[in-house]
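For reference, the chains in residue letters:
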Amino acid sequence: MNWLSRLLAVLFLCIAFIVNAQSDPIAPQVPNEKQISNSDGIWLGFYTKYHFNDKWAYYGEYHVRKKNGFQDMAQVYLRFGATYTIKEYLDFTAGVVLPFYWAPNPEDPNVDDIVPQYRLWQQAVLATPFDHIKVFHQLRTEQRWRRDYTKDSPFNLTHRFRYKLTIYVPLNKPEFRNHTLFLSMYNEIFIQAGETIVYNHLEDNRAFLGIGYNLSEQFQIQGGYMFSFRHKNSPYHYEKRHIFRLSLYHHLDLHLGSHREERPIPIH
């Protein structure tokens, strides 16, 4: 057999191998176009910030999240932290989070109806001191121990990095004080990493537009629409979420004395 015959034989074997691999029914079939699903829900939140002195404060978030409108339970979030004010417009917070997730298919006997998750979190917030608007830059990191809904599945550690840009614009007054109606908007990007994170490193992007009102120096309320676009379950499946958010903010200065630093509102 001359060199040409040998070359043709090798090419024939390569072509046969490729054809056989493509016809293998076990080989995964990836769709040519990404798939996008839609969902909706309602998120209720209560935010607290209680100052013990001019440097230290307790920070808390408490969330109830429903899906399919008010029909189905989705999550409960309990976030706790201690805040230290580094400078007038910069503070740092660290703490723990205890979220609980409701299974999407609780009728399956092999899954747990409610699955907990355990997190540590750290956050830095920089407030930009403009005269008539308020701008907040929030950088948050989380270490998440989470598992599947399958019973007895192990917890795996993943990391999440979040950046949020928030803008408040007063509507009925030149500056923020009691009874100020304001426009509230933000965009937040979520990036995750870890051994179990394969394709969905860009986890989520959330954009919010709403209206807020300063009820008093201690209470503030916000409500509006949030659009979320995220990966879901596979490298080609995405989800658009349409969420109505209603949040109540409560702030207190707990330290005594004649001198109390005036806290800016809105509260972040």
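The sections below set out a description of the structure shown in this document. In this text the structure is predicted, and so the values were computed from the model without any measurement. Residue positions are given per chain, counted from 1 along the sequence in the order it is written. Totals for whole chains, interfaces and linings use all residues, but because this is a predicted model, local features are given only for residues with pLDDT of at least 70 and pairs of side-chain atoms are given and counted only at 80 or more. Derived side-chain values reflect all non-hydrogen atoms in the structure, with water molecules and hydrogen atoms excluded from consideration.

### A closer look at the environment of Y50
- On the secondary structure map, Y50 appears in strand β1 (residues 35-51).
- Note on Y50: relative accessible area 18%, which makes it buried.
- Along the backbone, Y50 and H255 are 205 residues apart, and their C-alpha atoms lie at a distance of 9.5 Å.
- In this description, contact between two residues means that some pair of their heavy atoms is separated by no more than 4.5 Å. Every residue in contact with Y50, bar those within four places of it in the chain, is listed here: W56, A57, Y58, H250, H251, L252 and L254.
- Looking at Y50, its side chain comes within polar contact range of the side chain of H250, at 2.9 Å. For helices the rule is a DSSP run of H or I covering at least 4 residues; for strands it is a run of E covering at least 2, with both sets numbered from the N terminus onward. Each residue gets one of three labels from its accessible area relative to the maximum for its type: buried under 20%, exposed over 50%, partly exposed in between, using a 1.4 Å probe on protein chains only. Any N or O atom pair separated by 3.5 Å or less is treated as a polar contact, with the protein-specific requirement of one donor-capable and one acceptor-capable atom, and with residues adjacent in sequence counted only for side-chain atom pairs.

### Regarding a nonpolar patch on the surface
- To count toward a patch, a residue needs a relative accessible area over 30% and no salt bridge; like charges are then connected within 9 Å, while nonpolar side chains (Val, Leu, Ile, Met, Phe, Trp, Tyr) are connected within 5 Å. Only the protein chains shown count as covering a residue, and every accessible area follows the Shrake-Rupley method with a 1.4 Å probe. We define a salt bridge as a side-chain nitrogen of Lys or Arg found within 4 Å of a carboxyl oxygen belonging to Asp or Glu. On the surface, L44, V64, F70, L215, F219, I221, F244 and L246 cluster together into a nonpolar patch covering about 630 Å² of accessible area.
- Sorting the residues of the nonpolar patch by element identifies β12 (219-231) and β13 (237-253) as the ones contributing at least two each.
- Relative to the assigned elements, F219 resides in strand β12.

### Notes on the environment of I114
- Looking at the secondary structure, you find I114 in strand β6 (residues 114-116).
- Looking at I114, the relative accessible area reads 40%, which means it is partly exposed.
- It is 4.6 Å that separates the C-alpha atoms of I114 and W102, two residues lying twelve residues apart in sequence.

### Quick word on the pairing of strand β3 (residues 72-87)
- Only strands joined by at least two bridges in the DSSP assignment are considered to pair. Sheet topology places strand β2 (residues 56-67) next to β3; twelve bridges connect them, and they run antiparallel. Each bridged residue has a counterpart across the sheet, and for W56 the counterpart in β3 is Y84.
- Where β2 hands over to β3, the hairpin turn is made up of four residues, of which N68 adopts a positive phi near 55 degrees.
- Pairing geometry for β3 and strand β5 (residues 100-102), over two bridges, is antiparallel. Bridge assignment links V76 to a residue of β5, and that residue is F100.
- Note that β3 and strand β4 (residues 90-97) share eight bridges and pair antiparallel. Bridge assignment links R79 to a residue of β4, and that residue is V97.
- What sits between β3 and β4 in their antiparallel hairpin is a turn of two residues.

### Observations regarding unusual backbone geometry
- A positive phi angle, close to 55 degrees, is found at N68, a residue other than glycine.
- Here N68 lies in the loop between β2 and β3.
- Phi is positive for H179, which is not a glycine, with a value near 65 degrees.
- Examined against the element boundaries, H179 turns out to sit in the loop between β9 (156-170) and β10 (181-193).

### Description of the packing of aromatic side chains
- Two rings from Phe, Tyr or Trp (for Trp, the six-membered ring) form a pair when their centres sit within 6.5 Å of each other. Planes less than 30 degrees apart are called stacked, planes more than 60 degrees apart edge-to-face, and all others tilted. Counted according to the given criterion, the structure contains 13 aromatic pairs.
- Relative to F155, the ring of Y118 lies with its centre 5.5 Å away and its plane at 50 degrees, an arrangement referred to as tilted. Here the residue Y118 occupies a position in strand β7 (residues 118-128), and F155 occupies one in the loop between β8 (134-146) and β9, the gap between them amounting to 37 residues.
- Since its relative accessible area comes to 39%, Y118 is described here as partly exposed.
- Taken together, a centroid distance of 5.9 Å and an interplanar angle of 70 degrees make the contact between F136 and Y168 edge-to-face. In this pair, F136 is assigned in strand β8 and Y168 in strand β9, connecting sequence segments 32 residues apart.
- Take F136: its relative accessible area is 6%, and that puts it in the buried class.
- Charge-over-ring contacts are defined here by two conditions on Lys NZ or Arg CZ: a distance within 6 Å of the ring centre and an angle within 35 degrees of the ring normal. Against the face of W43 rests R65, its NZ or CZ located 3.8 Å from the ring centre.
- In this structure, R65 packs its charged tip against the face of Y77, placed 4.2 Å from the ring centre.

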